[in-house]
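Given next are the chains, with one letter for each unit.
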Amino acid sequence: MENILATSNIIVVDDRAENLRLIEALLQDKVDSLRMFVSGREAIDSAQHFAPDLFLFDIDMPEMDGYTLCEHFKKDTLLKAIPVIFLSCFSSTFDKVKAFKVGGVDFLTKPFNAEELEARITTHIEHYKFELALQQKNIILSKALAENLAMREQVTLHEKSQAVTELIMGLAREINTPLGVAVTGTSIIGEHIETIKSKQNNKTLTSQLLQNLLVKSLEVEITVSDNLSKACGLIEELSRLCEQITPVYSPVNIPLLVSQVFDAQQRKHQNIKINLFATIDPLVVCSSKSILTEIIQELMANSLSHGDESSDYNMYITAELNEENNEFTLSYWDNGTAPDSSLTGKLLEPFYTTKRGVGMKGLGLYLVNKLTNRLSGSCLVNINKNGSLAFDFCFPINKK
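Fair warning: this is a prediction, and the values are worked out from it, not measured in the lab.

*Asks:* Would you mind going over the packing of helix α8 (residues 254–268) against helix α9 (residues 289–306) with me for this structure?
*Replies:* Packed helix pairs are characterised by how far apart their axes lie and by the angle those axes make with each other. The N-to-C vectors of α8 and α9 enclose an angle of 45°; their axes lie 10 Å apart at closest approach. Classified by the interaxial angle, the pair formed by α8 and α9 is oblique. α8 and α9 meet at a crossing whose hand is right-handed. Contact residues: I254, L257, V258, Q260, V261, F262 and Q265 in α8; K289, L292, T293, I296, Q297, M300 and L304 in α9. For the contact of α8 with α9, the per-class residue count stands at nine nonpolar, four polar and one charged.

*Asks:* Help me understand the pairing of strand β9 (residues 313–322) in this model?
*Replies:* Side-chain direction in a regular strand flips from residue to residue, so the side chains alternate between the two faces of the sheet. Sheet topology note: the strand β7 (residues 274–280)/β9 ladder contains seven bridges and is parallel. Across the sheet, the residue bridging to A278 is I317, located in β9. Taken together, the eight bridges between β9 and strand β10 (residues 327–334) define a ladder with antiparallel strand orientation. Note on β10: the bridge partner recorded for Y316 is W333. Linking two consecutive strands that pair antiparallel, namely β9 and β10, is a turn of four residues; a positive phi of about 55° is found at N326 within it.

*Asks:* Whenever I open this one, the packing of aromatic side chains confuses me. Can you help?
*Replies:* To describe a pair of aromatic rings, you give the distance between the ring centres and the angle between the ring planes. Counted under the stated rule, the structure contains nine aromatic pairs. Taken together, a centroid distance of 6.0 Å and an interplanar angle of 20° make the contact between F57 and F73 stacked. Here the residue F57 occupies a position in strand β3 (residues 54–57), and F73 occupies one in helix α4 (residues 66–74), the gap between them amounting to 16 residues. With respect to class, F57 is no different from F73; both count as buried. Measuring from centroid to centroid gives 6.4 Å for F57 and F86, while their planes differ by 65°, and the two rings are edge-to-face. Highlighted residues: F57 in strand β3 and F86 in strand β4 (residues 84–88), separated in sequence by 29 residues. On the basis of relative accessibility, which here comes to 0%, the residue F57 falls in the buried class. Here a set of aromatic residues connected by ring pairs shows up, and it is made of F55, F57, Y67, F73 and F86.

*Asks:* I keep staring at the pattern of salt bridges and nothing clicks. Help me out?
*Replies:* Any two side chains of opposite charge can pair, on the condition that their charged atoms come close. In total, this model carries seven salt bridges according to the counting rule given. Between R16 and E18 there is a salt bridge whose closest N-O contact spans 3.8 Å. A salt bridge links K110 to D58, with the shortest nitrogen-to-oxygen separation between them at 3.4 Å. Of this pair, K110 sits in the loop between β5 (106–109) and α6 (114–201) while D58 is found in the loop between β3 and α4, placing the two residues 52 residues apart along the sequence. Salt bridges linked by common partners bring D14, D58 and K110 together as one network.

*Asks:* What is the right way to read the sheet that holds β5 from this model?
*Replies:* Strand pairs in the sheet, formed through backbone hydrogen bonds, run parallel or antiparallel to each other. Judged by pairing direction, the sheet is parallel, and its five strands sit side by side in the order β2-β1-β3-β4-β5 without closing on themselves. Among the strands making up the open sheet, the edge pair consists of β2 (33–37) and β5. Each strand of the sheet is rotated relative to its neighbour by a mean of 20°, with strand direction disregarded. In this structure, strand β1 (residues 9–13) lies alongside β2, joined through five bridges in parallel fashion. What sits directly across from N9, in β2, is S33. Contacts from helix α2 (residues 17–27) reach β1, β2, β3 and β4, with the element oriented near 175° to β2. In the packing of helix α5 (residues 93–101) onto the sheet, contacts are made with β4 and β5, and the angle to β5 comes to roughly 150°.

About the cut-offs
- Residues numbered from 1 in each chain as written.
- Predicted model: local features only at pLDDT ≥ 70, side-chain atom pairs only at ≥ 80, totals over all residues.
- Heavy atoms only, no water.
- Axes fitted to C-alpha atoms, helices over the stretch in contact; angles between N-to-C directions.
- Helix = DSSP H or I, 4+ residues; strand = E, 2+ residues; numbered from the N terminus.
- Parallel < 35°, antiparallel > 145°, perpendicular 65-115°, else oblique.
- Left-handed = near helix turned anticlockwise from the far one by under 90°.
- Contact = heavy atoms within 4.5 Å.
- Nonpolar A, V, L, I, M, F, W, Y, C, P; charged D, E, K, R; others polar.
- Pairing = 2+ DSSP bridges.
- Phe/Tyr/Trp six-rings, centres within 6.5 Å; stacked < 30°, edge-to-face > 60°.
- Buried < 20%, exposed > 50% of the residue type's maximum accessible area, 1.4 Å probe, protein only.
- Salt bridge = Lys/Arg side-chain N within 4 Å of Asp/Glu carboxyl O.

If you want it as structure tokens, here you go:
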């Protein structure tokens, strides 16, 4: 108690000098600073230069009464939190209620007991200083949290950049294969042309030899063309992934988005029968429309590239909102046949495909996983009851 008062400063306002002398006699040896004024204007000037830890106001004063003075300080952003104790000869319930309504924390009726006054002053200053200390700790904590968030954002940005760098390096290695084949094929075609020229100059070029060389050159040209197309496809995949590094969030109508992606697939593959079975309640969430579109598009493309051409392509999607966890889930599967269960863990790896021999790049599901990570979501791959691959996604609902 003594320590709190010993480090505290108080402003007292009372228009009667005898009252000020009484309070001075009670408190001057117990507080660090005691400033006493006979008018509210003087107290306002003093408090603005050096804020006190507590105000003691009389109510019945000329020019500016205690109520008005208290209201003035409660409008001051820097001083409004300082506790105000009213000391007054008034003792009616009306006066006490009004004192609390204008912002006072306590009310003592004159004449007051010295020990009670000291106890109440100590209690309110303790509370005020505790609140100040708590605010300061909150400021420090908020600053630390802001720095932590900034650091996490930097780490996330670094991880994103690192992921793109790894993909670029992987693509560089992967592109080398088709480009190498194309370069070799071009060289072979060049050799065939030189052979034809040489034989023609020597007049030893027969129609059979010419036909054989042209057939071989045509076969090589087809191989070169296929591998260049594959290289272009790999570069296109990289471009699409890079475009999604920074998500742009907005309200997304999930049923409408799924329908639009499916319609695009139908237009693209008009020669095959595609069916969509969607169980999605009216669901609008704040997320990235472009990234979700890319994910669903890649899932459907994967079904079409790995499905059984002898039957219809059936795609199944369910989605629901989990407001309690502030997230929404999405599940996708088809009527295709999943690879061996030992391979499901590899499907999200870059450049892995079970159909490399027919030109598959092995980037579709890897792209799905990376884009899911862009939205801070999760993706699980397992084998469904019907023997097909099933994808279960969980995405947080962004509040931006």
